[in-house]
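Single-letter residue listing:
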Amino acid sequence: MKSSAAITRATANGPLHGVRVLEFAGLGPAPFCGMLLSDLGAQVIRISRPNAPAQPFDAILDRGRSVLTVDLKQSVGVEICRALAKNADVLIEGFRPGVLEKLGLGPDVLLQENPKLVYGRMTGWGQYGPNAHTAGHDINYIALSGALHSVGSAEKPTPPLNLVGDFGGGALYLAMGVLAALLNARSTGVGQVVDCAMTDGAASLMSMMFAMRAGGNWLEQRHANLLDGGAPFYDTYRCADDKWICVGALEIQFFAVLLNKLSIPISDYPDHWNPACWPEMRARFEKIFQSQPQAHWCALLENSDACFAPVLPMSEAIDHPHNVARGTFVTHSGIVQPAPAPRFSRTPTTIQESTSVDVNTLRAWQLPDALIDRVLAS
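In what follows, the accompanying structure is described. All values derive from a computational prediction rather than experimental measurement.

Moving on to the sheet that holds strand β4 (residues 66–69). One open sheet holds the six strands; their spatial order is β4-β3-β2-β5-β6-β7, and the pairing between them is parallel. Looking along the sheet, the strands with just one partner apiece sit at the ends: β4 and β7 (192–197). Sheet twist, expressed as the mean angle between neighbouring strand axes with direction ignored, is 20°. Bridging between strand β3 (residues 43–48) and β4 involves four bridges; their strand directions are parallel. Within β4, the position partnered with serine 48 by the bridge is threonine 69. The strands touched by helix α8 (residues 198–205) within the sheet are β6 (118–123) and β7, with β7 carrying the most contacts at an inclination of about 65°.

Quick look at the structure:
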C-alpha cells in the first residue's frame, strides 16, 4: 500500500456531485462504469492492487479517479476498504462471485455496516447459474444471449467489438442499476446488491429483435433481415476510393429522398421492404456507389434526409464537422478521447482532473485518525 501521494482527487460539477463511489479495480466494464460515474460528477475512489500491470485502455477508462493502492491480502488493506465503504454511497466491483466474500468485503458484511450502500457487482455470467464461476469474455457472453449469432456476414458471426457485452450490456446496465438503487436507497434508507450480468444485459439489448422474431419478422439467417445488412437500403457500400459509406433509409419518405439523390425513379421500388426486390436493388446500389469516391457521396447526400453517413475510422471521426461542433471528442492529458456523455443543461459534465491530496481527503470520508496514521505509515 502506498502513501497518501498515491491518492488523487478531482473536482466535479456534474449531476452526481456529492455521490461517493468506491470502485475495486478490474478490467473492461467495471472501470468503464466507474469512468461514467466520475464523468457525471461522482467522487470515485478506486482501490488498486500493488504493481498491477498497465493495460492499453487504462489511459481513458481510468480517468477522473481518486486512486488508492491497497494490498487486500493484508488485514490493514481490508480494514481501509471497510472504513471507506461505511461512508460510500455506491460500491462497484468486477471480481468472480465470492472473491470479495473471502476477503471479508462481501455485501453481507458491508451492508450491515452501511445499510444504505448500493453494492454493484459486474460479471459476465452473473452471481449464480451453471456458468457463474467460469471464465469468459464479451464474445462468450453475447454468444449465449443470442446477440452474436445475429451479427456478421451470411457466412459467419462477427464480434461487434466488445460493445454489446462489456460496455452496452455490462457497464451501462451497471450504471443504470446502481443509480436506480441509489434513488431507492435515498427514499427508503435501505441499500441493496445490484447483480449485473453481461449475459442479461446483452439479452435485454436484443429486446426489439426478439419482438420482431415473435411477430414473424426476423429470420435467424444473418444478413437476411431489415437491420442486419440484409436490406440494401440499410447497409454499407464501398466507394471508388475504397472508402465506405452507409445508408439507413428505412422509412418510405427517407427512401424517396435517397432515390431522388441517386436519380432512381421511386416507381422502380413501390414496396422497398419486400425482400424479393433486394438482390436487384443491392446490385444497383453497389454499382452506383462504387462509381464515385466517398467525398462525392458526402457532398451529395450528407445533411439531407437520405439517412446517410460516411463510415469513418477513429482517426477521421474526431475531425468530422458535426463531432467538432458538439465537442464529441476532447484532448485530455495529451490523449484524444470521447468527451463525457450525455449533456446536461444545468449541471454540465467534465473529465475530472486528478490532483494530489492530503489527509483531509481521508477525513472527508470519515476514516478514523488512527487508521489514517496507519495509511500514511505504510
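Another aspect to go through is the environment of asparagine 217. Mapped onto the elements, asparagine 217 comes out in the loop between α9 (207–214) and β8 (234–238). Those residues within four positions of asparagine 217 in sequence are excluded, and the remaining contacts are Met212 and Asn225. Of the polar contacts made by the side chain of asparagine 217, one reaches the backbone oxygen of glycine 215; its length is 3.5 Å.

Under the defined criterion, the tally for this structure stands at ten aromatic pairs. Residues phenylalanine 255 and tyrosine 269 carry aromatic rings whose centres are separated by 6.3 Å and whose planes lie at 70° to one another, so their mutual orientation is edge-to-face. Here phenylalanine 255, found in helix α10 (residues 252–261), pairs with tyrosine 269, found in the loop between α10 and α11 (278–289); they are 14 residues apart in sequence, far enough to count as distant. Tyrosine 269 carries the same exposure label as phenylalanine 255, and that label is buried. Note on phenylalanine 289 and tryptophan 297: the rings are 5.1 Å apart at their centroids and 80° apart in plane angle, and the pair reads as edge-to-face. Overall, tryptophan 297 belongs to the buried group, its relative accessible area being 4%. Feature note: the residues Phe233, Phe255, Tyr269 and Trp278 constitute an aromatic cluster, connected by ring pairs.

Rules of the game
Residues numbered from 1 in each chain as written. Predicted model: local features only at pLDDT ≥ 70, side-chain atom pairs only at ≥ 80, totals over all residues. Heavy atoms only, no water. Pairing = 2+ DSSP bridges. Helix = DSSP H or I, 4+ residues; strand = E, 2+ residues; numbered from the N terminus. Axes fitted to C-alpha atoms, helices over the stretch in contact; angles between N-to-C directions. Contact = heavy atoms within 4.5 Å. Polar contact = N/O pair within 3.5 Å; in protein donor to acceptor, adjacent residues only side chain to side chain. Phe/Tyr/Trp six-rings, centres within 6.5 Å; stacked < 30°, edge-to-face > 60°. Buried < 20%, exposed > 50% of the residue type's maximum accessible area, 1.4 Å probe, protein only.

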